[in-house]
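A closer look at the structure
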Amino acid sequence: MCLTLLRRHAVAKTAAGGEDVAFLGEHVYAVVDGATDKTGLRYTSRGREVNSGLFAAETIADALADAPGDLEPAELVAHAGAALAAARERQHPGLRREEYPAAALALLRRSTRE
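Notes on the structure in this doc start here.

Definitions and limits used
Residues numbered from 1 in each chain as written. Predicted model: local features only at pLDDT ≥ 70, side-chain atom pairs only at ≥ 80, totals over all residues. Heavy atoms only, no water. Helix = DSSP H or I, 4+ residues; strand = E, 2+ residues; numbered from the N terminus. Expected span 1.5 Å × (residues − 1). Buried < 20%, exposed > 50% of the residue type's maximum accessible area, 1.4 Å probe, protein only. Arc of directions from axis to C-beta. Pairing = 2+ DSSP bridges. Axes fitted to C-alpha atoms, helices over the stretch in contact; angles between N-to-C directions. Contact = heavy atoms within 4.5 Å. Parallel < 35°, antiparallel > 145°, perpendicular 65-115°, else oblique. Left-handed = near helix turned anticlockwise from the far one by under 90°. Polar contact = N/O pair within 3.5 Å; in protein donor to acceptor, adjacent residues only side chain to side chain. Phe/Tyr/Trp six-rings, centres within 6.5 Å; stacked < 30°, edge-to-face > 60°. Lys NZ or Arg CZ within 6 Å of the ring centre and 35° of its normal.

Digging into helix α2 (residues 73–91)
- Over its 19 residues, α2 runs 27 Å from end to end, which matches the ideal 27 Å to within 8%, given 1.5 Å per residue.
- Within α2 the residues assigned to the buried category are L76, A80, L84, A87 and R88. Considered in projection along α2, the buried side chains sweep an arc of 100° and stay on one side of the axis. Opposite the packed face of α2, turned more than 90 degrees from it, sit the exposed residues A74 and R90.

Some remarks on the sheet that holds strand β5 (residues 103–109)
- Ordered in space as β1-β2-β5, the three strands form an open sheet in which the pairing is antiparallel. Strands with a single pairing partner mark the edges of an open sheet, and in this sheet they are β1 (20–24) and β5. If you compare each strand with its neighbour and ignore which way they point, the axes differ by 10° on average.
- Summarising the sheet, β1 and strand β2 (residues 28–34) pair through five bridges and their orientation is antiparallel. Residue A22 lies in a different strand from β2, and its bridge partner there is V31.
- Packed onto the sheet, helix α1 (residues 52–66) meets β1, β2 and β5 and runs at close to 10° relative to β1.
- The sheet contacts of α2 involve β2 and β5, and relative to β5 the element is tilted by about 145°.

Regarding unusual backbone geometry
- You will see that R46, though not glycine, has its phi angle at about 55°, which is positive.
- You can see R46 is positioned in the loop between β3 (43–45) and β4 (48–50).
- R46 sits in the partly exposed class, given a relative accessible area of 49%.

Points about the packing of α1 against α2
- Running from N to C, α1 and α2 cross one another at 130°; their axes reach a closest spacing of 8 Å. Classified by the interaxial angle, the pair formed by α1 and α2 is oblique. With respect to the hand of their crossing, α1 and α2 are arranged in right-handed fashion. Listed contacts from α2 to F55, A56, T59, I60, A63, L64 and D66 of α1 are L76, H79, A80, A83, L84, A87, R88 and Q91.

Side note on the side chain of S52
- Note on placement: S52 falls in helix α1.
- Given a relative accessible area of 5%, S52 falls into the buried group.
- There is a polar contact of 2.5 Å between the side chain of S52 and the side chain of D37.
- Discounting chain neighbours no more than four positions away, the residues touching S52 are D37, T39, L41, Y43 and P101.

Focus on the packing of aromatic side chains
- With the rule as written, the count across this model stands at one aromatic pair.
- When the ring of Y43 is compared with that of F55, the centres are 4.3 Å apart and the planes differ by 15°; the resulting orientation is stacked. Of this pair, Y43 sits in strand β3 while F55 sits in helix α1; the two residues are 12 residues apart in sequence, bridging distant segments of the chain. The pair Y43 / F55 is uniform in exposure class, with both members buried.
- The side chain of R88 reaches across the aromatic face of Y100, ending 3.5 Å from its centre.

These results come straight from atomic positions and should not be treated as a statement about function.
As C-alpha cells, then:
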C-alpha cells in the first residue's frame, strides 16, 4: 500500500496555531489532534516552547516513530500514551489529571491496514 500525504491543511482556532500532526511512518500512519490548551502551561517540544495540545500531538507522533513495527494497534496506543505520560511528568511533575496534556489519535497500521 502506498500512501502519500498530498496536502495538509488545518485551520487553527487561534492565532497561536493548531495542535494537529499528520504522521506517515514506515509501519503506521496517524493523525494526532492535540486537545485545545486550557491550562496555559508551556512545554518544550522539538526544541521550542509550545502549548499542551501541540506537545501532546508531537510527543505521540514521535513515540509512534520510535515504536517497534510489530506492535498491535492497542499496543501502539499504549506505547504512545506511556511516552506522553513520561514526557509530561519530566516537564511538569505532579499535575492533576484534569491538567494533563491530551490528544485524539487515529492510526492505520500499514501491514494489516487496520
